[in-house]
Every structure is written in C-alpha cells, then in structure tokens.
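Summary of the model geometry
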Amino acid sequence: MIELRGKAVADALKEKMKTFLDQVDELNRPKLAIVRVGERPDDLAYERMVLKNCGAIGLPVQVEAMSEAVATEELIGTIQRLNDDVAVQGILMFRPLPKHIDEQSVIESVAVEKDVDCMNPENLQLRMVSDERAVAPCTPEAVMRILEHYGYELEGKNVVIVNRSTVIGRPLAIMMMEKNATVTICHSRTRNLAEITSRADIVVTGVGKARFFGPEYFNENSVVIDIGINFDEKGSCGDVDYEAVAPKVAAITPVPGGVGTVTSSVLLSHVLPQAFY
Ligand code: NAP
C-alpha cells in the first residue's frame with residue numbers, strides 16, 4: 001500500500017509561492033481574507049492550517065470571524081467591504097453557512113476576481129466549460145494535484161466520486177473528465193454503493209461521516225482519496241476506516257495529512273496573480 005501523503009505535494013507548491021512572494025515588497029503583497037461564521041470544528045481546523053501556511057510563505061491574511069447568529073445582510077456587508085478593499089486579493093468563506101442565512105445571496109456577493117475557492121456561480125459556470133479564467137475550487141484541485149504528483153494517469157480510468165456537492169463532487173467530475181476519466185457520481189440515494197465503488201480504479205469519498213467506508217467498498221487495486229474531515233472520540237479522521245482499509249488497497253490518502261494539507265496550499269496559490277498558477 002502506498003500512503004499518498006499531502007505534505008510532499010503541498011511543500012512543492014509552497015516553495016514555489018514563497019519564491020514568488022520573496023520578490024514582492026511586503027506592503028505590495030496580495031492579501032487573503034477569511035470569512036468564518038460560527039466555530040465549526042472542521043472550519044477551525046482548516047483556518048488554523050491556512051494561517052500557518054500563510055505565515056510560512058509570507059502571505060498576509062486577515063480573519064473576519066462572525067457570530068453564528070449573524071444576519072444575511074450583515075454578512076454581505078462584510079463581504080462588500082472586502083470586495084472594495086484594494087489590499088485584499090482573495091476572499092475565502094467557509095461553508096455550509098448556518099441554515100437561517102441566505103447562502104446563495106452571500107456567495108453571489110463575492111467579487112468574481114477575488115473568489116479564490118470558486119464559490120460564485122459565475123466562476124463555476126466558467127469551470128463547467130473548462131474556461132481557465134476562473135480558478136478551480138480548492139479541494140477538487142487538491143485531489144487532482146495529489147493524483148498528478150504521485151503519477152496516476154487518469155485517461156480511461158473509472159473514477160467514482162461519492163459526493164455531489166457544488167464545492168466538491170460536481171467540479172471534480174468536470175476536472176476528471178477533462179483528463180479523460182470515466183466518472184460516476186454517487187450520493188445518499190445511490191443504491192448498492194459498495195458494488196459501484198469496489199469496481200472503480202479510483203474512489204474519492206466526501207460524505208462527511210467518520211470511518212463510513214470499510215474494506216467492502218474497495219478492491220486490492222483501489223486508489224482511495226479521502227476528502228472527509230470528521231471528528232470522533234479518537235480525534236480527526238476521514239470518511240474511510242483507514243486502519244481497516246489501508247492494508248487492503250493499492251494507495252490511500254491519510255486523514256489528517258492528506259487532501260486537507262494540499263487544499264490549503266492550493267487556496268493560497270489562488271490569491272497570487274493568475275500568471276503564477
Ligand atoms: P455535503 O454538501 O454535505 O456533501 C456530502 C455528500 O455526501 C452529499 O452529496 C451526500 O449525498 C453524500 N452522502 C452523505 N451520506 C451518504 C451516504 N450514506 N452514502 C452516499 N453518499 C452520501 O458536504 P461537503 O461540503 O461536500 O463536504 C463533504 C466532506 O468533505 C465533509 O466531511 C467536509 O468536512 C469535507 N471537506 C474537506 C475538505 C478538504 O480539504 N479535505 C474541504 C472541504 C470539505 P446527498 O447529495 O444525497 O445529500
């Protein structure tokens with residue numbers, strides 16, 4: 001079994017960004033703004049990683065932490081302030097937002113050119129037609145970078161993605177198809193899930209359920225990319241029961257230390273001018 005650790009992938013990207021930023025005067029460097037509503041553990045874990053990485057490469061960052069009870073209008077007001085701030089080149093907002101917030105209106109308020117995680121439907125539409133003027137959503141791009149780094153050719157491969165969200169499953173399916181993979185998307189209404197995933201060459205899991213996938217979902221040649229970030233009594237873990245599955249597949253990303261590690265570096269690269277990536 002090969003452990004597909006994210007660190008090697010992220011380190012290569014961070015080194016490239018640091019070299020780029022070292023050449024820019026500190027006052028003129030692009031800046032990232034993080035907008036967080038509430039204190040969900042997965043948001044906080046991701047935020048900590050982003051802040052650490054910004055420090056390591058010399059990228060300025062500010063956090064706008066808002067109460068879980070914030071009203072839609074106030075949240076949009078914060079985003080508009082960041083849209084107008086010439087020092088801010090990228091805006092990242094954690095989702096999902098609390099149920100009382102009109103998430104769609106908030107997402108649409110993020111300026112297209114500062115939308116580093118490709119949330120705005122305008123950017124998603126561009127990605128749908130493979131228009132590279134829009135950045136890719138960070139997590140799907142991290143998955144693609146991991147597969148590329150470890151030398152997995154996608155052409156003609158059967159890829160199963162267990163997630164149909166607009167943040168993960170849908171854009172990832174497009175990116176996989178751009179590399180000529182044959183893609184199946186599964187979700188909570190899929191029947192006989194294990195039968196479908198166990199036939200695939202590559203399985204990407206993003207259900208958000210701790211240790212949901214046991215060995216019956218895979219075969220000995222499976223390449224498993226676990227996007228899930230969950231917390232149970234032992235700490236953070238993925239959607240895959242790593243201890244039970246790892247010895248029985250060809251390759252697997254660990255959690256923590258896999259996709260999430262790369263996602264935060266991909267995000268930072270989207271704050272830099274497009275010529276960079
Ligand atoms: P989401 O919108 O809740 O999507 C979850 C998906 O899983 C949905 O498509 C859902 O199906 C499907 N699903 C749920 N239970 C299932 C089941 N029993 N069988 C098959 N499919 C099932 O969540 P998300 O925002 O996409 O995030 C998913 C996970 O990724 C979370 O754990 C999140 O923390 C993690 N995440 C990781 C990163 C990273 O960098 N590693 C970044 C962002 C998010 P339906 O559509 O039918 O409901």
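The written sequence of each chain sets the order in which its residues are numbered from 1. Confidence filtering applies because this is a predicted model: local features only for residues at pLDDT of at least 70, side-chain atom pairs given and counted only at 80 or more, and all residues used for totals across whole chains, interfaces and linings. To get the side-chain values, take all heavy atoms of the structure and skip hydrogens and water.

A word on the packing of aromatic side chains
Between rings of Phe, Tyr and Trp, where Trp is taken as its six-membered ring, a pair exists when centres lie within 6.5 Å; planes separated by under 30 degrees are stacked, by over 60 edge-to-face, and by other angles tilted. Enumeration according to the criterion identifies 5 aromatic pairs in this entry. Centroid distance Phe 212 to Phe 213: 4.9 Å. Interplanar angle 75°. Geometry classified as edge-to-face. When accessible area is computed with a 1.4 Å probe and restricted to protein chains, residues below 20% of their type maximum are described as buried, those above 50% as exposed, and intermediate ones as partly exposed. Since its relative accessible area comes to 35%, Phe 212 is described here as partly exposed. On the basis of relative accessibility, which here comes to 0%, the residue Phe 213 falls in the buried class. Taking the centre distance of 6.0 Å and the plane angle of 40° together, the rings of Phe 212 and Tyr 217 count as tilted. What links up through ring pairs into an aromatic cluster is the set Phe 212, Phe 213, Tyr 217 and Phe 218.

As for the side chain of Thr 253
Working definition: helices are DSSP H or I runs of at least four residues, strands are E runs of at least two. Numbering for both runs from the N terminus. Note that Thr 253 resides in the loop between strand 11 (251–252) and helix 10 (259–269). Its relative accessible area of 1% is what places Thr 253 among the buried residues. In what follows, a contact means two residues having at least one pair of non-hydrogen atoms within 4.5 Å. Apart from the residues within four sequence positions on either side, Thr 253 is in contact with Leu 4, Ile 146, Val 224, Ile 225, Asp 226, Tyr 242, Gly 258 and Val 259.

Concerning the sheet that holds strand 11
Whether two strands pair comes down to DSSP finding at least two bridges between them. Across the sheet, which stays open at both edges, the 6 strands sit in the order 1-11-8-7-5-6 with parallel pairing between neighbours. Edge strands, defined here as strands with exactly one partner in the open sheet, are strand 1 (2–3) and strand 6 (182–186). Here strand 5 (residues 158–162) pairs with strand 7 (residues 202–205) via 4 bridges, running parallel. The residue bridging Ile 161 from the neighbouring strand is Val 204, located in strand 7. The sheet strands contacting helix 7 (residues 169–178) are strand 5, strand 6 and strand 7, and the helix crosses strand 6 at an angle near 170°. To get an axis, fit a line to the C-alpha atoms, keeping to the stretch in contact for a helix; angles then go from 0 to 180 degrees between the N-to-C directions.

Some thoughts on the side chain of Thr 205
Tracing the backbone shows Thr 205 in strand 7. Within the structure, the side chain of Thr 205 is placed 3.1 Å from the side chain of Asp 226, a separation counted as a polar contact. Polar contacts here mean pairs of N or O atoms no more than 3.5 Å apart (in protein, one a potential hydrogen donor and the other a potential acceptor; neighbouring residues in sequence count only if both atoms are side-chain atoms).

Some remarks on the pairing of strand 8 (residues 223–226)
The side-chain alternation of strand 8 yields two buried faces, one formed by Val 223 and Ile 225 and the other by Val 224 and Asp 226. With 4 bridges connecting them, strand 7 and strand 8 associate as parallel partners. Of the residues in strand 8, the one forming a bridge with Thr 205 is Asp 226. Relative to strand 11, strand 8 is paired through 2 bridges, and the arrangement is parallel. Looking across to strand 11, one finds that Val 223 is bridged to Ala 251.

Some thoughts on the site of the ligand
Around the ligand lies a shell of 22 residues, among which Asn 163, Arg 164, Ser 165, Ser 188 and Thr 263 are the nearest. Asp 42 is positioned with one of its side-chain polar atoms (N or O) 3.2 Å from an oxygen atom of the ligand. Gly 206 has a polar backbone atom sitting 3.5 Å from an oxygen atom of the ligand. Against a free-state accessible area of 930 Å², the protein chains account for coverage of 75% of the ligand. In terms of residue count, the dominant contributor to the shell around the ligand is helix 10 (3 residues). Class assignment of the residues belonging to the shell around the ligand gives a composition of 8 nonpolar, 11 polar and 3 charged. Whether a residue is near a molecule or strand depends on its heavy atoms: if one lies within 4 Å, it is near. Each accessible area value is a Shrake-Rupley result obtained with a 1.4 Å probe; residue values ignore everything except the protein chains displayed when judging cover. Only Asp, Glu, Lys and Arg are considered charged in this grouping, and only Ala, Val, Leu, Ile, Met, Phe, Trp, Tyr, Cys and Pro are considered nonpolar; every other residue, Gly among them, is considered polar.

Some details on the packing of helix 6 (residues 138–149) against helix 10
Orientation of helix 6 relative to helix 10, taken along the N-to-C sense of each, is 115°, at an axis distance of 8 Å. For the element pair helix 6 / helix 10, the angle class is roughly perpendicular. The crossing of helix 6 and helix 10 is right-handed. Here helix 6 contributes Cys 138, Thr 139, Glu 141, Ala 142, Val 143, Arg 145 and Ile 146 to the contact with helix 10, which in turn contributes Val 259, Val 262, Thr 263, Val 266 and Leu 267. Residue classes in the contact of helix 6 with helix 10 are distributed as 8 nonpolar, 2 polar and 2 charged. With respect to orientation, any angle under 35 degrees is reported as roughly parallel, any angle over 145 as roughly antiparallel, any angle of 65 to 115 as roughly perpendicular, and every other angle as oblique. Helix crossings are classified by the rotation of the near helix relative to the far one: an anticlockwise turn of less than a right angle makes the crossing left-handed, while a clockwise turn makes it right-handed.

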